[in-house]
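Residue-level structural notes
One letter stands for each residue in the lines below.
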Amino acid sequence: MEFAEANGKGKLSVVATPIGNMGDITFRALWNLKECDVIYAEDTRVTAKLLAHYGLRKSVFRLDAAMEGKKANEVISRLEKGKHVAYVSDAGTPGISDPGARLVAAVREALPEAKIEAIPGPSALTAALSIAGISADAFSFRGFLPHKKGRQTALKKIVSSDIPVVLYESPHRILKLLKELHDVAPGAAVTVARELTKLHEEVLYGTPSDLAAQLEKKKAVRGEFVVIVEPH
Ligand code: SAM
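The following refers to the structure shown. As the structure is a prediction and not an experimental result, all values here were calculated from the model.

Our next topic: the pattern of salt bridges. One pass over the full model with this rule turns up 15 salt bridges. For E195, the salt bridge goes to K198, with nearest N and O atoms at 3.4 Å. Here E195 falls in the buried class, since its relative accessible area comes to 15%. Sharing partners across several salt bridges, the network here consists of D43, R45, R62 and D64.

Okay, structure coming up:
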């Protein structure tokens, strides 16, 4: 479909996609994925599955974190020609611990006339907060902690924060993170939200060592995790 704003420039739609359950996608997201000229995606195979699930056929090009700068030029040249480009990451909201921000910044700088619109939807961040039973009127989001340099400082800041702190963690590192939290604040109140929107969704509460014990009981620590550390 030929798309152009009144000024002849195109539109970049930044589209949120499911974080597990394929049903969690908005009508507007599907409409955009159907009507856009082209989709750029963090991983074309992941997006191909989503499109197939909804019976959508569209050209999908890869634009992951490593190629965000280089590929931004390609997106900009399409927008210059009045095209409608959609951007999706593998899961959830682009730009939230995912590529997307540098693309948006590059488009905004090179082509300020182009429209950039958000197509909001799922994010593990908001999904976890919505069922944590913690007031999230104010919170801070740290995403993934650095693996080495700055990790200890980050951990100390987290446990001394006066508002809840939300982290993302992988299954390989969740036990390590809980042990580190135990070392800096054994009494901290922590929520772990796991496999949100999926079959094995669960929310666990406790001190870091309680939670590590609960997770260690399971044969293998699988899944994706959001960790919320409450102020104490
Ligand atoms: N952009 C995504 C968002 O809006 O949530 C986040 C992408 S980040 C690369 C992936 C991390 O998000 C995972 O390692 C995990 O910490 C968290 N995550 C994603 N999906 C999740 C789910 N279904 N349940 C729990 N955490 C999830």
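Now for the site of the ligand. As a structural note, the neighbourhood of the ligand is formed by 19 residues, with S123, A124, Y168, L196 and F225 the closest of them. A distance of 2.9 Å separates a nitrogen atom of the ligand from a polar atom in the backbone of I96. Here an oxygen atom of the ligand and a side-chain polar atom of S123 are 2.8 Å apart. Isolated, the ligand exposes 570 Å² of accessible area, and the fraction of that covered by the protein chains is 91%. Assessed atom by atom at 2 Å from the grid points, the ligand resides in the largest pocket. If you list the elements that add at least two residues to the shell around the ligand, you get β7 (165-169) and β10 (225-229). Each of two domains, domain 1 (2-119) and domain 2 (124-229), supplies a minimum of three residues to the shell around the ligand.

Moving on, we get to unusual backbone geometry. Even without being glycine, S97 reaches a positive phi, approximately 50°. Examined against the element boundaries, S97 turns out to sit in the loop between β4 (84-88) and α4 (101-110). In the Ramachandran plot, T197 falls in the positive-phi region, its phi being about 70° despite a non-glycine side chain. One can find T197 in the loop between β8 (190-194) and β9 (202-206). Accessibility expressed as a relative area gives 23% for T197, which makes it partly exposed.

Reading the values: rules and limits
Here the residue numbers are simple positions, counted from 1 along each chain's written sequence. Reporting of local features is limited, given that this is a predicted model, to residues whose pLDDT is at least 70; pairs of side-chain atoms are given and counted only at 80 or more, and all residues count toward the totals for whole chains, interfaces and linings. Based on all heavy atoms of the structure, the side-chain values leave hydrogens and waters out of the count. We define a salt bridge as a contact between a side-chain nitrogen of Lys or Arg and a carboxyl oxygen of Asp or Glu at a distance within 4 Å. For every residue, the accessible area obtained with a 1.4 Å probe (protein chains only) is divided by the maximum for its type, and the residue is called buried under 20%, exposed over 50%, and partly exposed between those limits. Residues are counted as near a molecule or strand when any one of their heavy atoms sits within 4 Å of it. Polar contact is the term for a pair of N or O atoms within 3.5 Å; when the atoms are in protein, one must be able to donate a hydrogen and the other to accept it, and sequence-neighboring residues count only if both atoms are side-chain atoms. Per-residue and other accessible areas were derived by the Shrake-Rupley procedure at a 1.4 Å probe size, with only the shown protein chains allowed to occlude residues. Points on a 1 Å grid, built from protein atoms alone, make a cavity when a 1.4 Å probe fits but cannot get out and make a pocket when they are open with protein on both sides within 12 Å along at least 5 of 7 lines; residues with an atom within 4 Å of a point are the lining residues. Being in a pocket or cavity means that more than half of the molecule's atoms lie within 2 Å of its grid points. Secondary structure elements follow DSSP: runs of H or I of four or more residues count as helices, runs of E of two or more count as strands, with numbering from the N terminus. Annotation comment: domain bounds sourced from an automatic or database domain assignment.

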